[in-house]
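Structural description and commentary
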Amino acid sequence: MFAGGSPTAVDPLASLQPPFGHYLLGTDQYGRSIYTELVYGARPALEVGVLSTLMGGVAGSAIGITGGYLGGRVDMLVMRLIDILLALPGLFLALIFIAALPPTLTNEILAIGISTIPGFARVLRAEALQVRSRLFVDAATASRRASTIRPPGRRHPSRQATEKITQR
């Protein structure tokens, strides 16, 4: 789409052309477009960068928000696991995963993605804790509790309907 041709297309008549017109970055000694070769060569690097960041962002967000929202022991356990991952430098952690797994592009994406999880998790945990301590959350929690408290002798409307149906 962005390349505008094949990176292996050879045109001997267009060899060593300067950057102009049809060849945005010029051509090499075989007449291949340098721009097209650059675009095709950048695809795997862009794929690794986008997918590993997306993976780390989604997983780190889920972990951080869960820990911050639930609090207590869950938060403590989640944050200790994140602290273990943060104890190792990100690049070193990625190298450990790459060394332990077969050298494929998928494993490279996993390794880099796992090494980005702690940063996302810490930031989103802090945000979840901040939102959890806001006044509107306390009001909603109190409102929910008040609506479930019934005076003695009064049943919940859905329970009354169920009892009427079973009495027939």
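Note that the structure is predicted; figures quoted are calculated from it, not measured.

1. Focus: the nonpolar core
Val78, Met79, Ile82, Ile117 and Ala121 form the largest nonpolar core, which has five residues in total. Elements supplying a minimum of two residues to this core: helix H2 (72-87) and helix H4 (105-132). It is H2 that contributes the most residues to this core, three residues altogether. Setting aside its immediate chain neighbours within four residues, Met79 contacts Ala121, Arg122 and Arg125.

2. Details of unusual backbone geometry
Notably, Leu16 is not glycine yet its phi reads approximately 55°, a positive angle. Assignment of secondary structure puts Leu16 in the segment before helix H1 (34-70). Since its relative accessible area comes to 61%, Leu16 is described here as exposed.

3. Quick word on the side chain of Asp75
Topologically, Asp75 is positioned in helix H2. According to the relative accessible area criterion, Asp75 is buried, its value standing at 9%. The residues touching Asp75, leaving out its near neighbours within four places in the chain, are Gly67, Gly68 and Arg125.

4. Quick notes on the environment of Ser33
Looking at the secondary structure, you find Ser33 in the segment before H1. The spacing of Ser33 and Val10 is 23 residues in sequence and 8.5 Å in space, taken between C-alpha atoms. Once you skip the residues sitting within four places of it in the chain, Ser33 turns out to touch Tyr23, Gly26 and Thr27.

5. Considering the confidence of the model for the chain
The pLDDT averaged across the chain works out to 84; a share of 85% of its residues lies at or above 70. The spread of mean pLDDT over the elements of the chain runs between helix H6 (residues 157-167), the lowest at 57, and H1, the highest at 93.

6. Topic: the packing of H2 against H4
Close contact between H2 and H4 brings their axes to 9 Å; oriented N to C, the two are set at 145°. Read as a crossing pair, H2 and H4 show a hand that is left-handed. Of the residues in H4, those in contact with Asp75, Met79, Ile82, Asp83, Leu85 and Leu86 of H2 are Ile117, Pro118, Ala121, Arg122 and Arg125. Of the residues belonging to the contact of H2 with H4, the class tally is seven nonpolar, no polar and four charged.

7. Remarks on the packing of H1 against H2
Relative to each other, H1 and H2 sit at 145°, their axes nearing to 7 Å. In this structure, the crossing between H1 and H2 has a hand that is left-handed. Judged by residue contacts, Ile63, Gly67, Gly68 and Leu70 of H1 engage Gly72, Val74, Asp75, Val78 and Ile82 from H2. Tallied by class, the residues present in the contact of H1 with H2 amount to five nonpolar, three polar and one charged.

What counts and what doesn't
Residues numbered from 1 in each chain as written. Predicted model: local features only at pLDDT ≥ 70, side-chain atom pairs only at ≥ 80, totals over all residues. Heavy atoms only, no water. Core = buried A, V, L, I, M, F, W, Y, C linked by side-chain atoms within 4.5 Å. Buried < 20%, exposed > 50% of the residue type's maximum accessible area, 1.4 Å probe, protein only. Helix = DSSP H or I, 4+ residues; strand = E, 2+ residues; numbered from the N terminus. Contact = heavy atoms within 4.5 Å. pLDDT = per-residue confidence, 0-100. Axes fitted to C-alpha atoms, helices over the stretch in contact; angles between N-to-C directions. Left-handed = near helix turned anticlockwise from the far one by under 90°. Nonpolar A, V, L, I, M, F, W, Y, C, P; charged D, E, K, R; others polar.

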